[in-house]
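Below are the chains, spelled out letter by letter.
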Amino acid sequence: MSSNKAQFISTATGEKYPVNEPRWLSNDGNLLDLQFEAEFDLEKIKNRKPNLWRYREAIPIVNNEHIISFDEGFTPLLPIDFNGKQALIKQEQNFSTGSYKDRGATVLLSLVKELGIREVIQDSSGNAGCAIAAYAAKAGINCAIYLPADTAEPKIAQMRMYGAKIMRVPGNREVTANAAFKAASHTFYASHCYNPYFYQGTKTFAYEVCEQLGWKAPDAVVVPAGNGTLLIGCFIGFNDLLKAGIISKMPKIIAIQAGNCSPLYQAYIKGENIVEPVASGPTLAEGIAIAAPVRGNQMLKMVEATKGKFFAVNEQEIKESLLYCGKKGYYIEPTSAATIAGLQKYLKESDDETVVSLFSGHGLKSTDKILKILG
Ligand SMILES: *Cc1c(COP(=O)(O)O)cnc(C)c1O
């Protein structure tokens, strides 16, 4: 049970707010972070079940009875060879809803339970919606998901199976987000982009990696960069361990974007610290095609603080990585293959490093797309 107190803090003004009332922005409309000191008891952790709640003292849910969990996490970390160079790959496609978004959903829906909220809304074109819907179902909480017109049907099927109310918005992602903002004025907004509790779940990726390496940090971690749910989680998680004195350095964060939709990469190569929205083209990596990431500036700062870098990958590279993984026995989403394509680029310039990356989502989510790729 955690005793120290979490607080929301405005990223613009430092103004603080209590976490026991529903909130997703500061009073003047700025993004919120969470101020919370994670604690680790390595002996206790070792003796707990192999799931992400083993880091109990580092997760800001007050009462154990509010935890909504499928015993998720502690995914295998497998060595895989990429054309003569090795990386360690977290098997994040193995989660119950088929992507690592379950890490964020278990913590966010536990907060919802803790606040006694009976109904949530969310907007997502895919895996975040699936994860929020599944954990809402487990908690017995009503859930409505706002979706843009072009959302992949298999993912909608999954959300419907979990009993979520599907709100199809005629229009693109932005129009959908606006519809969700309106609904959020009277219902709890379980947003994977805005709500800092989601990152309090995804940060456990970093904890697991370090524990699996014998409580050591890797040299580099190669992660996807769309809205940054994992990237930001990684930064928070490794930083928690560094502050607690458990690891002695931050790994470099290597962030991967699809070339056809790469606002962060564009800002990075121009040396800018403000991310401007970009025009985007179609990409196999639909899950990370975010033209105007709400936490873009924050992501840029985090990558630079670790002396990491950004890569953009093209459609051919994504396709080749997808097929390469399949041949090795790993069935992943095309979106996940973008990260692996970036990993392969990074490995070419890295020597004698411990490099960690991940398979972010399961191939069964994208049968239709994969059939097209196979021809
Ligand atoms: C969410 C997700 C990502 C990363 O996306 P962000 O927008 O950066 O959070 C990557 N792959 C898959 C399969 C995902 O579901």
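The written sequence of each chain sets the order in which its residues are numbered from 1. Confidence filtering applies because this is a predicted model: local features only for residues at pLDDT of at least 70, side-chain atom pairs given and counted only at 80 or more, and all residues used for totals across whole chains, interfaces and linings. Side-chain metrics rest on all non-hydrogen atoms present in the structure, leaving aside hydrogens and water.

What follows is about the overall build of the chain. The secondary structure content of the chain amounts to 13 helices and 13 strands. Here the radius of gyration uses the C-alpha set of atoms, whereas the globule reference equals 2.2 Å times the residue count to the power 0.38. The C-alpha atoms of the chain give a radius of gyration of 19 Å, which matches the 21 Å a tight globule of 375 residues would have. If one aligns the C-alpha atoms of the chain with their principal axes, the spans along those axes are about 50 × 50 × 40 Å. Considering only contacts in the chain between residues 6 or more positions apart, those separated by 24 or more positions represent 69%. Runs of H or I in DSSP of at least four residues are treated as helices and runs of E of at least two as strands, each being numbered from the N terminus. In what follows, residue pairs with any heavy atoms lying within 4.5 Å of each other are defined as contacts.

Interfaces are often sized by the accessible area lost when the parts come together. For the chain, the domain assignment lists domain 1 (77–96 + 198–374) and domain 2 (101–189). Inter-centroid distance (C-alpha atoms) of domain 1 to domain 2 is 24 Å. In this assembly, 18 residues from domain 1 lie in contact with 16 residues from domain 2. Buried area: the accessible area, evaluated with a 1.4 Å probe, that two parts lose upon being put together, summed over both parts. Between domain 1 and domain 2 the total buried area reaches about 1500 Å² when both faces are included, carbon and sulfur atoms providing 51% of it. Segmentation of the chain into domains, including their bounds, is taken from an automatic or database domain assignment.

Here we take up the site of the ligand. Contacts to the ligand come from 16 residues, most closely from Lys101, Asn127, Asn227, Thr229 and Ser360. What qualifies as a polar contact is a pair of N or O atoms within 3.5 Å, subject to a donor-acceptor requirement within protein and to the restriction that residues adjacent in sequence count only when both atoms come from side chains. Contact distances for the ligand include 2.8 Å between an oxygen atom and a backbone N or O atom of glycine 226. Asparagine 227 has a polar backbone atom sitting 2.5 Å from an oxygen atom of the ligand. Reported accessibility uses the Shrake-Rupley method at a 1.4 Å probe radius. Residues are deemed covered only where the shown protein chains occlude them. Here the ligand loses 96% of its free accessible area of 380 Å² to cover by the protein chains. Tallied by class, the residues present in the shell around the ligand amount to four nonpolar, ten polar and two charged. Here a residue is near a molecule or strand as soon as one of its heavy atoms is found within 4 Å of it. Gly counts as polar in this scheme, as do all residues outside two lists: the nonpolar Ala, Val, Leu, Ile, Met, Phe, Trp, Tyr, Cys and Pro, and the charged Asp, Glu, Lys and Arg.

Once that is clear, we can look at the UniProt feature "domain: Tryptophan synthase beta chain-like PALP" (unreviewed entry) in the chain. UniProt positions are given in the numbering used here, feature names are shortened, and annotations may be inferred rather than shown by experiment. Per the UniProt entry, the sites bearing "domain: Tryptophan synthase beta chain-like PALP" (unreviewed entry) are residues 68–361 in this numbering. For residues 68–361, helix accounts for 43% and strand for 18%, while the C-alpha atoms at its two ends are 21 Å apart.

This paragraph deals with a nonpolar patch on the surface. Patches in this entry comprise residues that are over 30% relatively accessible and not in a salt bridge; like charges within 9 Å are linked, as are nonpolar side chains (Val, Leu, Ile, Met, Phe, Trp, Tyr) within 5 Å. For salt bridges, the criterion is a side-chain nitrogen of Lys or Arg within 4 Å of an Asp or Glu carboxyl oxygen. A contiguous nonpolar patch, built from Leu323, Leu371 and Leu374 and spanning about 290 Å² of accessible area, is present on the exposed surface. Along the chain, leucine 374 turns up in helix α13 (residues 367–374).

Moving on, we come to the sheet that holds strand β2 (residues 16–18). One bridge is not enough; two strands pair if DSSP finds at least two bridges between them. Here we have three strands laid out as an open sheet, ordered β2-β1-β3, and antiparallel in their pairing. Only two strands of the sheet have a single neighbouring strand rather than two, namely β2 and β3 (32–35). In this sheet, adjacent strand axes meet at a mean angle of 35 degrees when their direction is disregarded. For strand β1 (residues 7–10) and β3, the ladder comprises four bridges, and the chain directions are antiparallel. Here an angle of 0 to 180 degrees is reported between the N-to-C directions of two axes, which are lines fitted to C-alpha atoms, with helices fitted over the stretch in contact.

On to the side chain of glutamine 158. Along the chain, glutamine 158 falls in helix α4 (residues 153–161). When accessible area is computed with a 1.4 Å probe and restricted to protein chains, residues below 20% of their type maximum are described as buried, those above 50% as exposed, and intermediate ones as partly exposed. Assessed through its relative accessible area of 17%, glutamine 158 is described here as buried.

The next point concerns helix α2 (residues 101–114). Taking 1.5 Å as the rise per residue, α2 with 14 residues should run 20 Å; its terminal C-alpha atoms sit 20 Å apart, in good agreement. Counting buried positions along α2 gives twelve out of 14 residues, so the element sits mostly inside the fold. Among the residues making up α2, those that are buried are Lys101, Asp102, Arg103, Gly104, Ala105, Thr106, Val107, Leu108, Leu109, Ser110, Leu111 and Val112. Just beyond α2, the residue with positive phi is glycine 116, at close to 75 degrees. What a helix should span is 1.5 Å times the count of its residues minus one.

Side-chain rings of Phe, Tyr and Trp (the six-membered ring for Trp) are treated as a pair once their centres are within 6.5 Å; stacked means planes under 30 degrees apart, edge-to-face means over 60, and tilted covers the remaining angles. Scanning the entire structure with this criterion turns up 15 aromatic pairs. Ring centres 5.2 Å apart and planes at 70 degrees place the aromatic pair tyrosine 55 and tyrosine 207 in the edge-to-face group. Placement of tyrosine 55 in the loop between α1 (42–46) and β4 (77–82) and of tyrosine 207 in helix α7 (residues 204–212) is noted, with a sequence separation of 152 residues between them. Across this residue pair, the class does not change: tyrosine 55 and tyrosine 207 are buried. Ring centres of phenylalanine 181 and tyrosine 189 lie 6.1 Å apart, and the angle between their planes is 80 degrees; on these two criteria the pair is classed as edge-to-face.

Glancing now at the pattern of salt bridges. Enumeration according to the criterion identifies 18 salt bridges in this entry. As a salt-bridge pair, lysine 85 and aspartate 351 come within 4.0 Å of each other at their nearest N and O atoms. Taken as a pair, lysine 85 in strand β5 (residues 85–90) and aspartate 351 in the loop between α12 (334–349) and β13 (355–358) lie far apart in primary sequence, 266 residues in all. Classification of lysine 85 by relative accessible area gives partly exposed; the value is 26%. Across the pair glutamate 353 and lysine 252 runs a salt bridge, and its minimum N-O distance is 2.8 Å. With glutamate 353 in the loop between α12 and β13 and lysine 252 in strand β11 (residues 252–258), this residue pair connects regions lying 101 residues apart in the sequence. Residue class for glutamate 353 comes out partly exposed when judged on its relative accessible area of 23%. Overlapping salt bridges bring together Lys90, Glu92, Arg103 and Glu208 as one network.

Before going further, it helps to spend a moment on the sheet that holds strand β6 (residues 119–123). Here we have four strands laid out as an open sheet, ordered β8-β7-β6-β9, and parallel in their pairing. On the outer flanks of this sheet lie β8 (165–169) and β9 (188–189), each paired with one strand and no other. Where β6 lies against strand β7 (residues 142–148), five bridges are found, and the strand directions are parallel. Within β7, the residue paired with isoleucine 121 across the bridge is alanine 144. Packing against the sheet, α4 makes contact with β7 and β8, and its axis sits at approximately 145 degrees to β8. With respect to the sheet, helix α5 (residues 173–184) is in contact with β6, β7, β8 and β9, its orientation differing from that of β7 by roughly 150 degrees.

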